Amino acid sequence: MADPKENVLMEKLVSLCKRRGFIFQSSEIYGGINGFWDYGPLGTELKRNVKELWWNSMTRQRDDVVGLDATIIMAPAIWKASGHVDTFSDPMCDCLLTQKRFRADQIEPQSGVAYHYTGAKDKASASALEEPFAALIPSGTHPSYARQLATRFYSNRGLQNVELLGERSEAIENSTRFNPENGALLTEPRPFNLMLQTYVGPIQSAENIAYLRPETAQAIFAQFKNVHETARQKIPFGIAQIGKAFRNEVTPRNFTFRSREFEQMELEFFIKPDEAIEAISGSVNDATVSGHPGDPQPNWGWKMWHQYWVAERVRFYEGIGLSLDTLGFHVQTAEELAHYARATTDILFKFPFSKKDAAGNVAGDELEGIAARSDFDLSQHERFSGKSMGVFDEELRTAWGKLTAEKQIALSKRYYDARLNYLLKSGESADKAAKEAKDDAEGLAKGQYIPHVIEPSAGVDRLILALLANAFTEITETDEKGKTETRVVMKFHPRVAPIKVAVLPLLKNKPELVAKARAVFQVLRGEMLAFYDDGGSIGRRYARQDEAGTPFCVTIDFETLGEVPELKDTVTIRHRDDARQERLAISELPGWLLARVR
RNA sequence: GCGAGCGUAGCUCAGCCUGGUAGAGCGUCACCUUGCCAAGGUGAAUGUCGAGGGUUCGAAUCCCUUCGCUCGCUCCA
């Protein structure tokens, strides 16, 4: 359980976010709306910086990743293929008596004697209810307990003087239809779909139902063929996308950590199946080295690629100020993995609300999951859309021809087995699955396969929250007069800091200082987000910038104006984290700053 | 959704028990002052006391409903 002290920290952070304009509650003047948050001026800049850094490092700085910007609403069939319509929901049961909700698959089976009622009538008013109810009581117990529950049930529904109707008893073994806590009947398990729905077109009928995407990834799979054909990329390559996603969370919690509308940064990185790698390179490199495995190599199998992307993503987080000791890792166990996933590593951040284990260690909460998803997604879209999602690989076809017959048979067999396994698990009949797997294996020999995928999927809003929590630093100082004050410094990495530099005239009532400061400000604002402030004492302005997380303050003083001739046109640069100052020529200022904020 | 707690100025909170004119500190803004780390002075703005309804001569205060936040169950990027 999170330390109460750390909840206080969380409250301070939420308060600062509002006070300084990082994050506001959505629709606040109307009382808010649960699970939705807005970014204020500073938060907007912070978020833009983060997304831009991700986009640059994931696409523009790489030869092998291209971008996509797809719609939020897509053909509903996509969500059937992806499994979200069927499995993105947990069947839930409600207790008919107390309304308490249970996950249907987590109810302890109960045994005993069930008393069923067809309804009840009101002895006084003669009104009647035909609603059935039942209660389970341990065998040997007097039926009065069941009757009591039933009476409560019907009086909850408005009957005054309950007379139970149609009592019938029945022995029950291992049933999950009753509330383990009180024996009352539960509702039928009802699916709780976590996708937000809307209607496309003006008629709100069942056939017009569409979903707001619960993840951005499926658009990438659905557009895979188009991107592959137009981007002049060969496998391995990736498609990246940043965008909004929506989930009707049961309980939005922990500030912006679990929101109903949120933003994702996702990469689908398509790789060759290991059988193709082995055919081309002779063997598959799936050595598990620790740390970053270096530049991609042609003989990397999915394990190496998976490890590579985990390491790349950690490097990214370190590069924006989240040091390794603030992060955590969770390698999903076989039971936790989705049936199609081969491996998933979660990158966690130790949030103030993250839970501690018995030994006091904090694992953290998920920022990003890096999943090795095999060829599941493209295969699903191939089956559901009827369009081929396979690629032709010239290199594979050439290499295949040079393999020994034994090698060809062995690789074909392995590929066949993998495809057969997928098809059978997807519910295809044995005959059809065997035929299709055979076709797939023959395709491999001709250089065709459905790419496998590694999916680093990160939550933008979670990352913003991590950066805010990580930056939040309280400093308590006692001045000469013995007055103790606590102030907040947001120690953002300069790369993500909303405001990069503040330009401050030392004094406001000296027009020469103000004019010079405005001139310096005009030069800097063309290069980065700069902020001009002349209100209040210099110390107060420094403190205000500390709270906004501005890494550098430039102060124009009398030396700048030439009071000391050799210091003319120099300014002081004040560092946020240690209040250290240094002097620099104005002409060097843009370059000096850019080197630190990029 | 269920259970518990909370909602008063931009922020932190007092007032509520025991109904009777809406408060404090900090912050914000203006002017003065200020030669480097929330200095000082003067002045100012800001609340349908989360919303709706009820009880009452009178409700921030008592009652009901509702919305939001926090914590637990649950879920995940």
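Keep in mind that this is a model prediction, so the values were computed, not measured.

Participant: When you look at the nonpolar core in this model, what are you seeing that I'm missing?
Facilitator: If you look at the biggest cluster of nonpolar residues, it comprises 61 residues, and the most contacted ones within it are Y317, L463 and L468. Counting 33 residues, the second-largest nonpolar core is a separate cluster that includes A70, W400, I450 and V453.

Participant: Please clarify how the packing of helix α2 (residues 41-60) against helix α9 (residues 302-319) should be interpreted in this entry.
Facilitator: In contact at an axis separation of 11 Å, α2 and α9 are set at 140° when each is read in the N-to-C sense. Relative to α9, the element α2 is oriented oblique. At the point where α2 passes α9, the crossing takes the right-handed sense. Taking contact as the criterion, the partners of V50, L53, W54, S57 and M58 in α2 are, on α9, W309, R313 and F316. Looking at the contact of α2 with α9 residue by residue, the classes come out as six nonpolar, one polar and one charged.

Participant: Just to check I follow, could you spell out helix α10 (residues 376-385) for this structure?
Facilitator: Each full turn of the α-helix corresponds to 3.6 residues, which orients residues three or four apart in the same direction. Of all the positions in α10, only F376, D377, L378, S379, Q380 and H381 are classed as buried. Tucked inside the fold, the buried residues of α10 contact α3 (77-81), α6 (217-222), α7 (224-230), β16 (261-271), α12 (405-425) and β22 (452-459). G386 sits one or two positions beyond α10 and adopts a positive phi of about 75°.

Participant: Before we go on, may I ask you to explain the pairing of β16 in this structure?
Facilitator: The side chains of a regular strand alternate, first on one face of the sheet and then on the other. Among the eleven residues that make up β16, ten are buried, leaving the element largely enclosed by the rest of the structure. Sheet topology places strand β15 (residues 237-246) next to β16; ten bridges connect them, and they run antiparallel. Directly across from A240, in β16, lies its bridge partner L267.

Participant: Could you clarify how one ought to interpret the sheet that holds β16 in this entry?
Facilitator: Across a sheet, strands are paired by hydrogen bonds formed along the backbone, either parallel or antiparallel in direction. Strands sit in the order β3-β15-β16-β22-β19-β18-β17 across an open sheet of seven strands; the sheet is mixed. The outermost strands of the open sheet, each flanked by one partner alone, are β3 (65-67) and β17 (327-331). Across the sheet, the mean angle separating the axes of adjacent strands is 20° when strand polarity is ignored. One ladder, built from seven bridges, connects strand β18 (residues 343-349) with strand β19 (residues 365-372); its direction is antiparallel. Across the sheet, T345 pairs through a bridge with I370, a residue of β19. Sheet strands in contact with α9 are β16, β17, β18, β19 and β22, and its direction is about 155° off that of β19.

Conventions we followed
- Residues numbered from 1 in each chain as written.
- Chains lettered and ligands numbered in written order.
- Predicted model: local features only at pLDDT ≥ 70, side-chain atom pairs only at ≥ 80, totals over all residues.
- Heavy atoms only, no water.
- Core = buried A, V, L, I, M, F, W, Y, C linked by side-chain atoms within 4.5 Å.
- Buried < 20%, exposed > 50% of the residue type's maximum accessible area, 1.4 Å probe, protein only.
- Axes fitted to C-alpha atoms, helices over the stretch in contact; angles between N-to-C directions.
- Helix = DSSP H or I, 4+ residues; strand = E, 2+ residues; numbered from the N terminus.
- Parallel < 35°, antiparallel > 145°, perpendicular 65-115°, else oblique.
- Left-handed = near helix turned anticlockwise from the far one by under 90°.
- Contact = heavy atoms within 4.5 Å.
- Nonpolar A, V, L, I, M, F, W, Y, C, P; charged D, E, K, R; others polar.
- Pairing = 2+ DSSP bridges.

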